[in-house]
There are 2 protein chains.
Amino acid sequence: MLTDRQSAILGMVVDEYIETAEPVSSRALVDRHRLEISSATIRNEMARLEREGYITHPYTSAGRIPSDMGYRFYVEALMAEDPVALDERRTVEHQLHQVAGGLDEWLSLTATILSSLVGNVAVVTRPRTSTARLRHAQLVELSRDTALLVCVMDDGRVRQRILQHRQPVTQDALNARATRLNGLLAGADAANVRDRLVGLEDPDEVATARAVAESIEELRIAEETFLDGLNNALRQPEFSDVDRMLEAVAQLQAYRLRGLLESTVDGGTGTTRVIIGQENPDTGLHDWSVVVSRYGDTDAAGVVAVIGPTRMAYQRTIPRVRYIASLMGQLLHDVRQ
Amino acid sequence: MLTDRQSAILGMVVDEYIETAEPVSSRALVDRHRLEISSATIRNEMARLEREGYITHPYTSAGRIPSDMGYRFYVEALMAEDPVALDERRTVEHQLHQVAGGLDEWLSLTATILSSLVGNVAVVTRPRTSTARLRHAQLVELSRDTALLVCVMDDGRVRQRILQHRQPVTQDALNARATRLNGLLAGADAANVRDRLVGLEDPDEVATARAVAESIEELRIAEETFLDGLNNALRQPEFSDVDRMLEAVAQLQAYRLRGLLESTVDGGTGTTRVIIGQENPDTGLHDWSVVVSRYGDTDAAGVVAVIGPTRMAYQRTIPRVRYIASLMGQLLHDVRQ
DNA sequence: ATTAGCACTCTCATGGTGAGAGTGCTAACG
DNA sequence: CGTTAGCACTCTCACCATGAGAGTGCTAAT
């Protein structure tokens, strides 16, 4: 158990290190905070904190840096969250309302905004509906024997696909076919779409129906992620050597994150979780921290996350991830009603 | 004017430097190519080549590296193109035919494939139709007073947009409205769409029509670029220090490229152009070379490009960019017929 | 319990040094 | 005259030594 003074010192070390990215010396703490106690006392306390595992030092005569455990304690017990200021909120909401396009543009813009808000990489996944249903399929003639199939799901997602027909068809015939298929398949989800395909005769029509079914299934699987802010993250001093930087670029490829985010989100809705360094099951991310929050409701849920070095401004990041997540939840709710 | 022997030496220097990324010494050339002449003779010739501006050396006693002019001469007169092997073609075509999705997926996959083919950054722009016309607009109910507008253009591009209505509407009413608007606007392009909006009464219908018009214009402007292979490019030895690497990341933001690619493409169709280092009007790209090729025809054209350090394997890159461009042209033609 | 004082450790910037790589020039050669 | 051997010269780069500086840990005094 830490004494009050030890907690206070740990807090100062973490704050200082997050700000400067330099190991924190006993002297620096006394000077910076005009402490009543001497640097020698601080040294004694620091030695104890190190024995307990909250801090380390890179070599004998360097200052202290927080360990993962130190950050963990800081996040849980010490940190004073830096609330999202009113003008920050206004800017964000203003930017988000500018977008007239579809869901994709919202998500992509959200990643950009969040990333610039916290100065690290931001990831937003597309909301995954528990059961997305087909709202409408449409066929548009492209040439005599090719057509574009557009499937619109009830969560607003759209999937396009190009079809090759055996028989030439007109737009009128395509409309008729679309109407028939909509009657047959409207409201179908990935689980039951196959059962509804019975009773079709024309081979082109069967192929089209199958394409619709495949589209629905692809959309069920596809949890696209929108990522932005690589530049921000790479400017952090921890990547000041080339190997680390290349590794960072590799680690941040979106596909590595999906599993992590999914498993994290199972915890519960609405909460914001922080995963620090070694706590991460993926060993490649042992130098990284992830702040992740779920947004949406039981019908459609996705995640918002920020990823950066363990030396991350948790005070700023956590409230901002939470804020963006709740904002996304609202917007999603407004659209779906 | 260069003698045959000077040309040969220049060719060897460029080849060697492209391969090893190390300045090429007179000695190394003699050894590597088992030349009949001595290294002293090579030195004399190299001195002359340097006086003419084809090569330089970084400091007094280093080997030679090609100048931009040297690369230029190499590309125009010396280089033996490395043809795209049959199994390379087969792999590429196989991968491309895997994609069942829309144009976007094609383009994005093409960038990925090309990038891995040449080990540098690849950029593919969306084909821009001279005049894209509206083929079909569709309205899908999302909630009582919101609807999704989907505009499909005759080149297969799709734009979605969410509409807020003043009056609640049913899907049936939306269908009727879509039919009316299609009658009014089908075949409209960005130039004439405004003129066709006359005679509409219902304010929601006017708003919808205006949204269609805006979508068409946005699509005219939006020339999206698909970029891949940052990792590949960053592994080149020229980026072995952090500043250069960060700068590289910044330079390769897609938006910087658009102007360059567009202006380049004006030259003519079907040809592949190479822009080497300082030849580039954008000073930020003075250390980069660009190999760019147009694809498509007068109706719909885009560009395929590879971007990398001036020390680029032009022999491999140029034929592969040309090949991918012609392949894209074919595929585009097949779809549009 | 706190703290002044000091020895000790480790890093990092600096400068010197010498090996090595390569060139340019000169003089000799066919 | 073109070619080439030989050599002086230049520049880089890796290596090492050095010393200042930063910080700690410990001891002994308060």
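All values derive from a computational prediction rather than experimental measurement.

Undergrad: I'd like to hear about the domain arrangement of chain A, residue by residue, with values.
TA: Per the domain assignment, the segments making up chain A are domain 1 (4–78), domain 2 (86–126 + 223–336) and domain 3 (134–221). Domain 2 of chain A and domain 3 of chain A are separated by 35 Å when their C-alpha centres are compared.

Undergrad: Any details on the protein's contact with DNA strand C? Residues and values, ideally.
TA: Taken together, 20 residues are adjacent to DNA strand C, and A:Ser38, A:Thr41, A:Thr60, B:Ser26 and B:Ser61 come closest. Counting only the atoms of DNA strand C within 4 Å of the protein, the fraction contributed by sugar and phosphate is 79%. Measuring from a phosphate oxygen of DNA strand C, one finds a side-chain N or O atom of B:Ser26 at 2.7 Å. One nitrogen or oxygen atom from the main chain of B:Ser61 is found 3.1 Å from a sugar or linking oxygen belonging to DNA strand C. Sorting elements by how many residues they give to the surface near DNA strand C places helix H3 (residues 39–52) of chain A first, with 3 residues. Across the surface near DNA strand C, the residue classes tally to 4 nonpolar, 11 polar and 5 charged.

Undergrad: Give a detailed account of the protein's contact with DNA strand D, specifying residues and quantitative values.
TA: Within the structure, DNA strand D sits among 21 residues, and A:Ser26, A:Ser61, B:Arg5, B:Thr41 and B:Thr60 are positioned closest to it. Considering DNA strand D, the proportion of its atoms within 4 Å of the protein that are sugar or phosphate atoms stands at 75%. The backbone of B:Ser38 places a nitrogen or oxygen atom 3.0 Å from a phosphate oxygen of DNA strand D. Separating a base oxygen of DNA strand D from a side-chain N or O atom of B:Arg43 is a distance of 3.4 Å.

Undergrad: Account for the packing of aromatic side chains, naming residues and giving values.
TA: All names here are of chain B. In the structure shown here, the tally under the stated rule is 6 aromatic pairs over all chains. Judged by centre distance (5.5 Å) and plane angle (75 degrees), the rings of tyrosine 54 and phenylalanine 73 are edge-to-face. On the criterion of sequence distance, the pair formed by tyrosine 54 in the loop between helix H3 (39–52) and strand E1 (55–56) and phenylalanine 73 in helix H4 (residues 68–78) is long-range, its members being 19 residues apart. Accessibility expressed as a relative area gives 19% for phenylalanine 73, which makes it buried.

Undergrad: I'd like to hear about the relation of the copies chain B and chain A, residue by residue, with values.
TA: Relative to chain A, chain B is turned by 179 degrees and slid 0.1 Å along the rotation axis, the superposed coordinates differing by an RMSD of 0.1 Å. In symmetry terms, the pair is related by a two-fold rotation axis. Measuring from the rotation axis to each C-alpha of chain B, the shortest distance belongs to B:Val242, at 2.8 Å. Looking at chain B, 98% of its interface residues are interface residues in chain A too, so the copies touch through the same face.

Undergrad: Which residues make up the sheet that holds strand E7 (residues 158–164) of chain A, and what values do they have?
TA: All names here are of chain A. The 3 strands are arranged E5-E6-E7 in an open sheet whose pairing can be described as antiparallel. Only two strands of the sheet have a single partner each, and these edge strands are strand E5 (134–143) and E7. For this sheet, the mean inter-axis angle between neighbouring strands, taken without regard to orientation, is 20 degrees. Those strands touched by helix H8 (residues 203–221) are E5, strand E6 (146–153) and E7, and its axis lies near 150 degrees from that of E7.

Undergrad: How would you summarise the state of the cysteines if you had to cite specific residues and measurements?
TA: Working definition: the covalent bond between the sulfur atoms of two cysteines is a disulfide. Inspection of the entire model under this criterion finds 0 disulfides over all chains. Free cysteine A:Cys151: the closest other cysteine sulfur is in B:Cys151, separated by 18 Å. Residue classification places B:Cys151 among the buried residues on the basis of a relative accessible area of 1%.

Undergrad: So what's going on with the pairing of E6(A)? Residues and values would help.
TA: On a regular strand, one side chain projects to one face of the sheet and the next to the other, so that they alternate. Residue and element names in this part refer to chain A. Within E6, 8 of the 8 residues are buried, leaving the element largely enclosed by the surrounding structure. Going residue by residue along E6, you find Thr146, Leu148, Val150 and Val152 tucked away on one face and Ala147, Leu149, Cys151 and Met153 tucked away on the opposite face as well. With 8 bridges joining them, E5 and E6 adopt antiparallel strand pairing. Bridge pairing in E6 links leucine 134 to methionine 153. Adjacent in sequence and paired antiparallel, E5 and E6 are bridged by 2 residues. Two strands pair when backbone bridges link them, and E6 and E7 are joined in this way by 7 bridges, in the antiparallel orientation. Among the inter-strand pairings, alanine 147 is bridged to a residue of E7, identified as leucine 163. Connecting the antiparallel pair E6 and E7 is a turn made up of 4 residues, with glycine 156 showing a positive phi of about 90 degrees.

Undergrad: How would you summarise the packing of helix H1 (residues 4–20) of chain A against helix H2 (residues 26–33) of chain A if you had to cite specific residues and measurements?
TA: Residue and element names in this part refer to chain A. Viewed as axis vectors pointing N to C, H1 and H2 meet at an angle of 95 degrees, and their least axial separation amounts to 11 Å. Between H1 and H2, the angle falls in the class roughly perpendicular. Residues Ile9, Met12, Val13, Glu16, Glu19 and Thr20 of H1 pack against Leu29, Arg32 and His33 of H2.

Undergrad: For helix H6 (residues 103–118) of chain A, give the residues involved together with the corresponding values.
TA: Because an α-helix completes one turn every 3.6 residues, residues spaced three or four positions apart along the sequence face the same direction. All names here are of chain A. Taking 1.5 Å of rise per residue, 16 residues should cover 22 Å, and H6 covers 23 Å from first to last C-alpha, within 8% of that figure. Those residues of H6 not exposed but buried are Leu103, Trp106, Leu107, Thr110, Ala111, Ile113, Leu114, Ser115, Leu117 and Val118. Phi turns positive one or two residues past the end of H6, at glycine 119, with a value near 70 degrees.

Scoring rules and cut-offs
- Residues numbered from 1 in each chain as written.
- Chains lettered and ligands numbered in written order.
- Predicted model: local features only at pLDDT ≥ 70, side-chain atom pairs only at ≥ 80, totals over all residues.
- Heavy atoms only, no water.
- Domains from an automatic or database assignment.
- Near = heavy atom within 4 Å.
- Polar contact = N/O pair within 3.5 Å; in protein donor to acceptor, adjacent residues only side chain to side chain.
- Helix = DSSP H or I, 4+ residues; strand = E, 2+ residues; numbered from the N terminus.
- Nonpolar A, V, L, I, M, F, W, Y, C, P; charged D, E, K, R; others polar.
- Phe/Tyr/Trp six-rings, centres within 6.5 Å; stacked < 30°, edge-to-face > 60°.
- Buried < 20%, exposed > 50% of the residue type's maximum accessible area, 1.4 Å probe, protein only.
- Least-squares fit on C-alpha atoms with pLDDT ≥ 70 in both.
- Contact = heavy atoms within 4.5 Å.
- Pairing = 2+ DSSP bridges.
- Axes fitted to C-alpha atoms, helices over the stretch in contact; angles between N-to-C directions.
- Disulfide = S-S within 2.5 Å.
- Parallel < 35°, antiparallel > 145°, perpendicular 65-115°, else oblique.
- Expected span 1.5 Å × (residues − 1).

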